[in-house]
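So you can see what is in the structure, the chains are spelled out below.
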Amino acid sequence: FAIVAHADEQPVMNVTFDKYAPTGAEVIGGKIAKIQGENALVRDKKRNDTFLDFNGRDDSLLINLSKASEKALAGSFTLEFDFSTVKLPVDDNHHEPGKTYMEFFNALDKQGKTVMHVTGNLLNRFNIGWMNDQGKHYGFYSAWNHGKNYEVCGILRHKWYRLSLVYDKPKNKFEFYLDGQLLG
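Rules behind the numbers
Residues numbered from 1 in each chain as written. Predicted model: local features only at pLDDT ≥ 70, side-chain atom pairs only at ≥ 80, totals over all residues. Heavy atoms only, no water. Helix = DSSP H or I, 4+ residues; strand = E, 2+ residues; numbered from the N terminus. Buried < 20%, exposed > 50% of the residue type's maximum accessible area, 1.4 Å probe, protein only. Contact = heavy atoms within 4.5 Å. Areas by Shrake-Rupley, 256 points an atom, 1.4 Å probe, with all protein chains shown as cover. Phe/Tyr/Trp six-rings, centres within 6.5 Å; stacked < 30°, edge-to-face > 60°. Core = buried A, V, L, I, M, F, W, Y, C linked by side-chain atoms within 4.5 Å. Salt bridge = Lys/Arg side-chain N within 4 Å of Asp/Glu carboxyl O. Pairing = 2+ DSSP bridges.

Caption draft 1: Summary view of the overall build of the protein. Summing up its helical and strand segments, the protein has two helices and 15 strands in all. Counting the 184 residues in the protein, one finds 34% classified as buried. Sequence-distant contacts in the protein: of pairs separated by 6 or more residues, those separated by 24 or more amount to 47%. Total accessible area on the protein is roughly 11,200 Å²; 51% of this is exposed by carbon and sulfur atoms.

Caption draft 2: Main features of the packing of aromatic side chains. Counting across every chain of the model gives nine aromatic pairs. With 5.4 Å between their ring centres and 70 degrees between their planes, Phe51 and Trp160 make a pair best called edge-to-face. Of this pair, Phe51 sits in strand β6 (residues 49-52) while Trp160 is found in the loop between α2 (150-153) and β13 (161-168), placing the two residues 109 residues apart along the sequence. Accessibility expressed as a relative area gives 21% for Phe51, which makes it partly exposed. Between Phe77 and Phe174, the aromatic rings sit 6.2 Å apart at their centres with planes inclined by 85 degrees, giving edge-to-face as the arrangement. With Phe77 in strand β8 (residues 77-83) and Phe174 in strand β14 (residues 173-178), the pair connects residues that are 97 residues apart, well separated along the chain.

Caption draft 3: Highlighting the nonpolar core. Judged by nonpolar contacts, the single largest core of 22 residues is most densely connected at Met116, Phe126, Leu163 and Leu165. Broken down by secondary-structure element, the contributors of at least two residues to this core are β8, β9 (101-108), β10 (114-121), β11 (126-131), β13 and β14. Residue contacts for Leu163: discarding those within four places in its chain leaves Leu79, Glu80, Phe81, Phe83, Val118, Phe126, Phe176, Tyr177 and Leu178. The next biggest cluster of nonpolar side chains, apart from the first, holds 12 residues, and it includes Val15, Phe17, Leu52 and Ile63.

Caption draft 4: Expanded view of the side chain of Thr119. For Thr119, the position within the fold is in strand β10. Ignoring any residue separated from it by four or fewer positions in sequence, one finds Thr119 in contact with Tyr101, Met102, Glu103, Phe104, Arg125, Phe126 and Asn127.

Caption draft 5: Structural view of the pattern of salt bridges. Overall, the coordinates contain six salt bridges when judged by the stated rule. Notably, a salt bridge pairs Arg47 with Asp49, separated by 3.4 Å at the nearest N-O pair. Given the relative accessible area of 28%, Asp49 is considered partly exposed. The salt bridge partner of Lys173 is Glu175, with a shortest N-O separation of 3.3 Å. Here the salt bridges do not stand alone but share partners, grouping Glu80, Asp82 and Arg162 into one network.

Caption draft 6: Seen up close, the pairing of β13. Where β8 meets β13, seven bridges bridge the pair, whose relative direction is antiparallel. Bridging from a neighbouring strand, Glu80 pairs with Ser164 of β13. Pairing of β13 with β14 involves six bridges; the strand directions are antiparallel. Residue pairing across strands places Ser164 opposite Tyr177, the latter belonging to β14. Two successive antiparallel strands, β13 and β14, enclose a turn made up of four residues, where Asn172 displays a positive phi of approximately 50 degrees.

Okay, here's the thing in structure tokens:
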């Protein structure tokens, strides 16, 4: 599910869902502070894998990071996770009609403020945003005219993606990859 590591080092965080891990469970790199019920762990026979299913409204996974994970995120790091979606950002959201985006990932600081997010917008494209330690916000989004192919910038229903965010602290540079394709 999620891997956080310093560049060229072993992962300091590796959260997988081979079996259900309840609130309070220790995972590599942290401790689960909030998770939906055990019935959210779904077996995908086609992929021969299990995954955590989110309902798109109030389900969330919150992990309190270990000191090693916090240290990794303070320097250069790579964050990767796999996801698939049944609904798309363009679909009507009957639970929140005014909502114009879909959240795939949110990282919060200790005060609960979002410091990094990955969302899908109404054009089924990715928006990536982050805030530096001085409180300045940055971001980018994938575009329809990406040079490689359309699928890289358009979110498709029922397709599994590997999303990677790579931060090079000495260069102060963020890169965003989808299935190995550099988007920005």
